[in-house]
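# Survey of secondary and tertiary structure
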Amino acid sequence: MDGGRLWETLHSLAEIGATPAGGVARVALTDEDQAGRNQFVSWALELCCTVHIDQMGNVFARREGTDPLRAPVVVGSHLDSQPTGGKYDGAYGVMVGLEVLRVLHDHDVSTAAPIEVVSWTNEEGARFPPAMIGSGVYAGAFSLDEGLAAPGVDGTTLGAELARIGYDGPEPCGQPDGAGRRPIGHYIEPHIEQGPILEAAGATLGTVTGVQGIRWYDVTIEGQSAHAGSTPMEIRSDAMVSAALLVCEVDVIARRRAPEARATVGTLETGTGSRNTVAGSVELTIDLRHPDAAELASMHDELLAFAAGERFADGPGGGAAGLPPRPAVSQIWYSPPIVFDPVVVDAVRAGAAAAGFEPVDITSGAGHDACYVSQAAPTGMLFIPCADGLSHNEAESILPEHATAGTQATLNAVLALAG
Ligand code: GLV
Ligand code: MN
Ligand code: MN
């Protein structure tokens, strides 16, 4: 493979939605996402691939194999980013797939199974929660109607925005039992680690054996807006105080289960938005994660018990007890812990070894499209390190030699699986 070409392609893609701080804002189904998709499609067409778009806007670039009976070996990830995202989260996996296609094309290599490179719609879930909807509908975890109806945080819907950017494709996705969806023989998702484990181990490559479980919640707190100067403390129903108690408890729920557990309040908004008004309402989001389903369930139970407990008063204006108003906590998404397919995990491990590296086994802390795809086809992932483990940050950074190593390992694994 050509490491220089991969690096150049990654950075050329990163110009689409580039931010002044050196990151990328290519949020799902925005004009920038459309431009990123168009760029990927035009690169694939240069390689004489056929391009297929399904009803969820998942894009597949296909290079035929010699055996018409074989389902394709699929490589890919996502091109959408966080609002303040980095250049490599998702983009790396799709560009590795493109480099694999380029190598096969340049060297006129025939494979028995076809090779496809996929870019899944709305992996990040930042604009249309939950995350991984495109691959989720593909795998049957959500219906097509649920996927298209997903409400955006900006008042849009996923389906309307998909049509607006022209990526509401014709191929079936989300039929019961996966009927009619594009077949996948094996799926490999190369990705940056987004955490500090490989870097600390001094490893160039990680063989991903599975992904931890994730639960997402929407929280609404209804208090009473009131004058900041004239309203005595004991008669307030201050939603911000409830939010503060909850944010601290969420943090403690994870710290009680160190080092594996994670818990995050990523967004918080007041309905009033004024410094001299007691917050009458607050909406916030919670993200809980653990590799073990039972531990994640007990984190869930603790969260609900805290919200139902004695620190909060029922009803608005709950000042009688001198307590802030009770939060309403609603789980909106559960992605269970995933164990990847041993055949694909072994192919990734052997591909890394054949490229001259000793890969480290690792469980992914981040969610990935590979989670849902694993419900539909044998699946595995490959990680490369990122500097300081930093991701979902404009400063996200990787080394060219790691990018190259991950691509060579993926190419080896793809050739082994495709024949
Ligand atoms: C996807 O980026 C996640 O939230 O893990
Ligand atoms: Mn990602
Ligand atoms: Mn991400």
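Overview of the structure. (Residues numbered from 1 in each chain as written. Chains lettered and ligands numbered in written order. Predicted model: local features only at pLDDT ≥ 70, side-chain atom pairs only at ≥ 80, totals over all residues. Heavy atoms only, no water.)

### Let's talk about the environment of Gly17
Structurally, Gly17 is set in the loop between α1 (3-13) and α2 (31-46). Each C-alpha atom, one on Gly17 and one on Val241, is 37 Å from the other, the two residues being 224 residues apart in sequence. Contacts of Gly17, omitting those with residues within four sequence positions, involve Gly23, Val24, Ala25 and Glu32. (Helix = DSSP H or I, 4+ residues; strand = E, 2+ residues; numbered from the N terminus. Contact = heavy atoms within 4.5 Å.)

### Concerning the site of ligand 1
All residues adjacent to ligand 1 are Glu123, Glu124, Arg289, Ala366, Gly367 and His392. Protein burial of ligand 1: of its 200 Å² of free accessible surface, 94% is covered by the chains. When the residues that make up the shell around ligand 1 are grouped by side-chain class, the tally is one nonpolar, two polar and three charged. (Near = heavy atom within 4 Å. Areas by Shrake-Rupley, 256 points an atom, 1.4 Å probe, with all protein chains shown as cover. Nonpolar A, V, L, I, M, F, W, Y, C, P; charged D, E, K, R; others polar.)

### Focus: the packing of aromatic side chains
Under the criterion given, the structure shown has seven aromatic pairs. Consider the rings of Phe142 and Tyr372, whose centres lie 5.6 Å apart with planes at 70°: the pair is edge-to-face. Taken as a pair, Phe142 in the loop between α4 (133-139) and α5 (144-149) and Tyr372 in helix α11 (residues 369-373) lie far apart in primary sequence, 230 residues in all. By relative accessible area, which is 17% here, Phe142 ends up buried. Seen from their ring centres, Trp216 and Trp333 are 4.7 Å apart, and the 70° between their planes marks the pair as edge-to-face. Of this pair, Trp216 sits in strand β7 (residues 213-222) while Trp333 sits in strand β12 (residues 327-335); the two residues are 117 residues apart in sequence, bridging distant segments of the chain. Given a relative accessible area of 14%, Trp216 falls into the buried group. Ring pairs connect the aromatic residues Phe60, Trp120, Tyr138 and Tyr187, which therefore count as one cluster. Sitting over the ring of Trp43, Arg102 keeps its end group 5.6 Å from the ring centre. One cation-aromatic arrangement involves Arg215 over Tyr334; the distance from NZ or CZ to the ring centre is 4.2 Å. (Phe/Tyr/Trp six-rings, centres within 6.5 Å; stacked < 30°, edge-to-face > 60°. Buried < 20%, exposed > 50% of the residue type's maximum accessible area, 1.4 Å probe, protein only. Lys NZ or Arg CZ within 6 Å of the ring centre and 35° of its normal.)

### Things to note about the pairing of strand β1 (residues 50-53)
Side chains on a regular strand alternate between the two faces of the sheet. Bridge count between β1 and strand β2 (residues 59-63): four bridges; the pairing is antiparallel. Opposite Val51, over in β2, you have Ala61 as the bridge partner. Here β1 folds back onto β2 in antiparallel fashion, the turn holding five residues, of which Gly57 has a positive phi close to 80°. (Pairing = 2+ DSSP bridges.)

### Some remarks on the nonpolar core
The nonpolar side chains of soluble globular proteins are, as a tendency, buried together. Phe40, Tyr92, Met95 and Ile398 are the most contacted members of the largest nonpolar core, which has 91 residues in total. Looking at which element gives the most residues to this core, the answer is helix α3 (residues 91-106), with 10 residues. Residues lining this core come from more than one domain, with at least three contributed by each of domain 1 (3-212 + 337-418) and domain 2 (213-335). Once residues within four sequence positions are removed from consideration, Ile398 is found in contact with Trp7, Leu10, Tyr88, Tyr92, Ile192, Ile384, Pro385, Cys386 and Ala403. By size, the runner-up hydrophobic cluster in this structure holds 23 residues, among which are Ala243, Ile286, Leu296 and Met299. (Core = buried A, V, L, I, M, F, W, Y, C linked by side-chain atoms within 4.5 Å. Domains from an automatic or database assignment.)

### Points about α1
Those residues of α1 that sit buried are Gly3, Leu6, Thr9, Leu10 and Leu13. All buried residues of α1 project into a common sector of 130° when viewed along the axis, lining one side. At its buried positions, α1 is contacted by α2, α3 and α12 (400-418). The N-cap of α1, judged by a side-chain oxygen 3.1 Å from the amide nitrogen of Gly4 a few residues on, is Asp2. (Arc of directions from axis to C-beta. Polar contact = N/O pair within 3.5 Å; in protein donor to acceptor, adjacent residues only side chain to side chain.)

### Quick notes on the sheet that holds β12
Strand order in the open sheet made by the four strands is β9-β11-β7-β12, with antiparallel pairing throughout. The open sheet has two edge strands with one neighbour each: β9 (262-270) and β12. Pairs of neighbouring strands in the sheet enclose a mean axial angle of 15°, with direction left out of account. Of the pairings in the sheet, the one linking β7 to strand β11 (residues 281-290) comprises 10 bridges and is antiparallel in character. Its bridge partner being in β11, Thr220 is matched across the sheet by Glu283. Each of β7, β9, β11 and β12 is contacted by helix α8 (residues 239-255), which is oriented at about 165° to β9, the strand it contacts most. (Axes fitted to C-alpha atoms, helices over the stretch in contact; angles between N-to-C directions.)

Shape descriptors only; they carry no functional weight alone.
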